[in-house]
Amino acid sequence: MKACIAGTGSYAPARALTNADLERMVATSDEWIRERTGICERRIAATGEACSDLAVQAGKRALAAAGLAATDLDMILVATCTGDYPLPATACLVQHQLGATNAAACDLSAACCGFVYALSVADAYVKNGMRYVLVIGSEVMSAITDWTDRNTCVLFGDGAGAVVVGASDGERGILSTHLRSDGALCELIMVPGGGSRTPPSDKVIAERLQYIKMKGNETFKVAVRTLEEIARTTLSANGLRVEDLDLYVPHQANVRILKAVMERLGLPIEKVLLNLDRYGNTSAASIPIALDEAVREGRIKDGSLVMLGAFGAGLTWASAVIRW
Ligand code: UT7
């Protein structure tokens, strides 16, 4: 018995922030950002638009695509590192807004790997008899971005993507998921202030510790290594070759990371979903947004073999392979 993806949806805030806009905010250039990252623009949530607002829109679209009502859901998982509040879980706000009166709801924190981690949880629950789980990756990265730090502020964007996971009626479905972590590398990407170790204070604000800090160059190298390694593990666990894949949908962090991974795996660019030029790095939202675009554009069809690959803060890295 397998779990499958019964519907996808996504939502991006209306406002686009271009590289030209960033040139007016920090010492950077459109040329540097395009060449070093592949990003041209990113979407930014409106004032007052929070993680759950984006998540609800993506969730509604995924439910519509699956032909289901919110009351059909048994569980809502929101993968995010930018929830509306430290407490309660954003998933509970989504549950209420959707009217998913039969659903359990909780958040999952695994940064950019959050969606793939949550998908693996949904997969396990559905295999154990749960009917429908709504998995959402939703992020308002603009809220934890230091808009005075050119090392990070050019990278991130806001958005949400969602999938409904239900029981498969045949061969299609999630073939396997693979999750890894290495907390020894926790300092590569971190929001150092605002949590229980360094609670909010004037000092936190003065030192801008409530924002993302990243050792970009070191992260880059680990990302290439871990994405290659987990892709190979995933393929071999399923007796598959790279050539068997119809589409690789990676976390959208940096086009140079992805090109290095493609080269190492021998994966042609036509088989890789790249949309970071338009969204930047939307953390846990990047893979489900990309999946939804691929489905709606016909790049993923019934029977397509799709591999996901993610890495991010923690560090965590994760993958899944799906027969659509
Ligand atoms: O999903 C979370 C996972 N995170 C990631 O995947 C991020 C991984 N890392 C990266 O994507 C890249 O490391 C970055 C895009 C963040 C940086 O690219 P890089 O090629 O590794 O550049 P660098 O950090 O080695 O910096 C090169 C130069 C430095 O100047 P000097 O020291 O050579 O004079 C930086 O100060 O580029 C400078 N720089 C910039 N220049 C213009 C850094 N940011 C900018 C900027 N505009 N925005």
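Here the structure is a predicted model, which is why all the values come from computation and not from measurement.

Colleague: Please explain the sheet that holds strand β12 (residues 305-312) as it appears in this structure.
Modeller: On the basis of which strands lie adjacent, the open sheet formed by 4 strands has the order β8-β13-β12-β11 and mixed pairing. Only two strands of the sheet have a single partner each, and these edge strands are β8 (173-181) and β11 (247-250). Sheet twist, expressed as the mean angle between neighbouring strand axes with direction ignored, is 15°. The sheet contact formed by β8 and strand β13 (residues 316-323) spans 8 bridges and is antiparallel. Following the sheet pairing, G173 is matched in β13 by R323.

Colleague: Sorry, what's going on with the pattern of salt bridges here?
Modeller: Once their charged atoms are close, side chains differing in charge can pair, the charge on each being opposite to the other. Under the definition given, this model contains 11 salt bridges. Measuring nitrogen to oxygen at the nearest pair gives 2.9 Å for the salt bridge that ties D30 to R34. Of the two residues, D30 and R34 both sit in helix α2 (residues 30-37), 4 residues apart, roughly one turn of that helix. We classify D30 as partly exposed; its relative accessible area is 23%. Owing to a relative accessible area of 43%, R34 belongs among the partly exposed residues under this scheme. A salt bridge links D123 to K127, with the nearest nitrogen and oxygen atoms 3.1 Å apart. Placement of both D123 and K127 in helix α5 (residues 114-127) is noted, with a separation of 4 residues, approximately one turn of the helix. The network of salt bridges with shared partners includes E228, R232 and R264.

Colleague: Is there a simple way to explain the domain arrangement of the protein in this structure?
Modeller: Accessible area lost during the coming together of the parts is what is often quoted as the interface size. By domain assignment, the protein separates into domain 1 (2-170) and domain 2 (175-323). Each of domain 1 and domain 2 has a C-alpha centre, and the two are 14 Å apart. Taken together, the contacts link 50 residues of domain 1 with 45 residues of domain 2. Around 3,500 Å² of area is buried between domain 1 and domain 2 when both sides are counted, 65% of it from carbon and sulfur atoms. Considering only the surface of domain 1 that becomes buried against domain 2, C112, V116 and Y117 emerge as the three largest contributors, covering 17% of it. Counting across the interface, domain 1 meets domain 2 through 1 salt bridge. A salt bridge links D146 to R208, with the nearest nitrogen and oxygen atoms 3.1 Å apart. Applying the counting rule to domain 1 against domain 2 returns 19 residue pairs in polar contact (both at pLDDT 80 or more). Ranked by residues supplied to the side of domain 1 that touches domain 2, first place goes to α5 with 7 residues. Its residues assigned to classes, the side of domain 1 that touches domain 2 shows 23 nonpolar, 16 polar and 11 charged.

Colleague: Could you clarify how one ought to interpret unusual backbone geometry in this entry?
Modeller: Most peptide bonds adopt trans geometry, and most residues besides glycine take a negative phi value. For the bond running from L87 to P88, omega is 0°, close enough to zero to count as cis. As for its position among the elements, P88 is in the loop between β4 (75-79) and α4 (90-98). In this structure, L315 follows G314 across a cis peptide bond, with omega equal to -10°. Tracing the backbone shows L315 in the loop between β12 and β13. Here the phi dihedral of R208 falls at roughly 60°; this positive angle occurs in a residue that is not glycine. By the secondary structure assignment, R208 is in the loop between α7 (202-206) and β10 (213-214). We note that S283 has phi near 50°; this positive angle belongs to a residue other than glycine. For S283, the position within the fold is in the loop between α10 (276-279) and α11 (286-296). The exposure class assigned to S283 is buried, which follows from its relative accessible area of 1%.

Colleague: Just to check I follow, could you spell out the sheet that holds strand β7 (residues 158-167) for this structure?
Modeller: By definition, the strands of a sheet pair up through backbone hydrogen bonds, in either a parallel or an antiparallel sense. The strand order β1-β7-β6-β4-β5 describes an open sheet built from 5 strands, whose pairing is mixed. Looking at strand neighbours, the two that pair on one side only are β1 (3-11) and β5 (104-108), the edges of this open sheet. Averaged over neighbouring strand pairs, the angle between their axes works out to 20° when direction is ignored. When β1 meets β7, the two strands line up antiparallel, connected through 8 bridges. Note on β7: the bridge partner recorded for S10 is G161.

What counts and what doesn't
- Residues numbered from 1 in each chain as written.
- Predicted model: local features only at pLDDT ≥ 70, side-chain atom pairs only at ≥ 80, totals over all residues.
- Heavy atoms only, no water.
- Pairing = 2+ DSSP bridges.
- Helix = DSSP H or I, 4+ residues; strand = E, 2+ residues; numbered from the N terminus.
- Axes fitted to C-alpha atoms, helices over the stretch in contact; angles between N-to-C directions.
- Salt bridge = Lys/Arg side-chain N within 4 Å of Asp/Glu carboxyl O.
- Buried < 20%, exposed > 50% of the residue type's maximum accessible area, 1.4 Å probe, protein only.
- Domains from an automatic or database assignment.
- Contact = heavy atoms within 4.5 Å.
- Buried area = accessible area lost by both parts, 1.4 Å probe.
- Polar contact = N/O pair within 3.5 Å; in protein donor to acceptor, adjacent residues only side chain to side chain.
- Nonpolar A, V, L, I, M, F, W, Y, C, P; charged D, E, K, R; others polar.

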